[in-house]
Amino acid sequence: MNIPTIDLAQTGANIVNLRKAAGLTVADIQMVFGFNSPQAIYKWQNGTALPTVDNLIVLAALLNVRIDDILVTTVA
């Protein structure tokens, strides 16, 4: 069976590209989420962490894309 997995590094790079294409800074995203620091966003972008499902929904809306457009998957 082919089971897809999320490629953290590629997803992080994709978040960076989508953020820039939307004309948003890390500080802009931090403000929308109400985070005290941008650390979580940098973790998403560096591929060391993924947004939670609820944050992923907000991020997709903010970037004007579908969740599937953010996540990069590979099939093992």
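Since this is a predicted model, take the numbers as computed values, not measurements. (Residues numbered from 1 in each chain as written. Predicted model: local features only at pLDDT ≥ 70, side-chain atom pairs only at ≥ 80, totals over all residues. Heavy atoms only, no water.)

Describing the nonpolar core
As a rule of thumb, nonpolar side chains are buried together in soluble globular proteins.
Okay, step 1: Grouped together as the largest cluster of nonpolar side chains are 13 residues, with contacts concentrated most on Ile29, Trp44, Leu59, Leu63 and Ile70.
Okay, step 2: Every element with two or more residues in this core is listed here: helix 1 (8-21), helix 2 (26-33), helix 3 (39-46) and helix 4 (53-63).
Okay, step 3: Top contributing element to this core by residue count: helix 4, with four residues.
Okay, step 4: In this view, isoleucine 70 contacts Thr11, Asn14, Ile15, Leu18, Leu56, Leu59, Ala60, Leu63 and Val65; residues no more than four positions away in its chain are not counted. (Core = buried A, V, L, I, M, F, W, Y, C linked by side-chain atoms within 4.5 Å. Buried < 20%, exposed > 50% of the residue type's maximum accessible area, 1.4 Å probe, protein only. Helix = DSSP H or I, 4+ residues; strand = E, 2+ residues; numbered from the N terminus. Contact = heavy atoms within 4.5 Å.)

Overview of helix 4
Okay, step 1: Among all positions in helix 4, only Asn55, Leu56, Leu59, Ala60 and Leu63 are buried. One side of helix 4 holds all its buried residues, which, seen down the axis, span an arc of 140°. Residues Asp54 and Ala61 are exposed on helix 4 and point more than 90 degrees away from its buried face.
Okay, step 2: Buried positions along helix 4 lie against helix 1, helix 2, helix 3 and helix 5 (67-70).
Okay, step 3: The positive-phi residue at the C-terminal boundary of helix 4 is asparagine 64, with phi of around 60°. (Arc of directions from axis to C-beta.)

Some thoughts on the packing of aromatic side chains
Okay, step 1: Applying the stated criterion to the full structure yields three aromatic pairs.
Okay, step 2: Relative to tryptophan 44, the ring of phenylalanine 33 has its centre 5.5 Å away and its plane inclined at 80°; by these criteria the two rings are edge-to-face. Residue phenylalanine 33 is found in helix 2, and its partner tryptophan 44 is found in helix 3; the two are separated by eleven residues along the sequence.
Okay, step 3: By relative accessible area, tryptophan 44 is classed as buried at 4%.
Okay, step 4: Between phenylalanine 35 and tryptophan 44 the ring centres are 6.0 Å apart and the planes differ by 75°, which places this aromatic pair in the edge-to-face class.
Okay, step 5: Ring pairing ties together the aromatic residues Phe33, Phe35 and Trp44, which thus form one cluster. (Phe/Tyr/Trp six-rings, centres within 6.5 Å; stacked < 30°, edge-to-face > 60°.)

Concerning the packing of helix 2 against helix 4
Okay, step 1: The contact between helix 2 and helix 4 brings their axes to 11 Å, and the two run at 125°. In terms of orientation, helix 2 lies oblique with respect to helix 4. As for how helix 2 packs across helix 4, the hand of that crossing is right-handed. For the pair helix 2 and helix 4, the contacting residues are Ile29, Val32 and Phe33 in the first and Asn55, Val58, Leu59 and Leu62 in the second. (Axes fitted to C-alpha atoms, helices over the stretch in contact; angles between N-to-C directions. Parallel < 35°, antiparallel > 145°, perpendicular 65-115°, else oblique. Left-handed = near helix turned anticlockwise from the far one by under 90°.)

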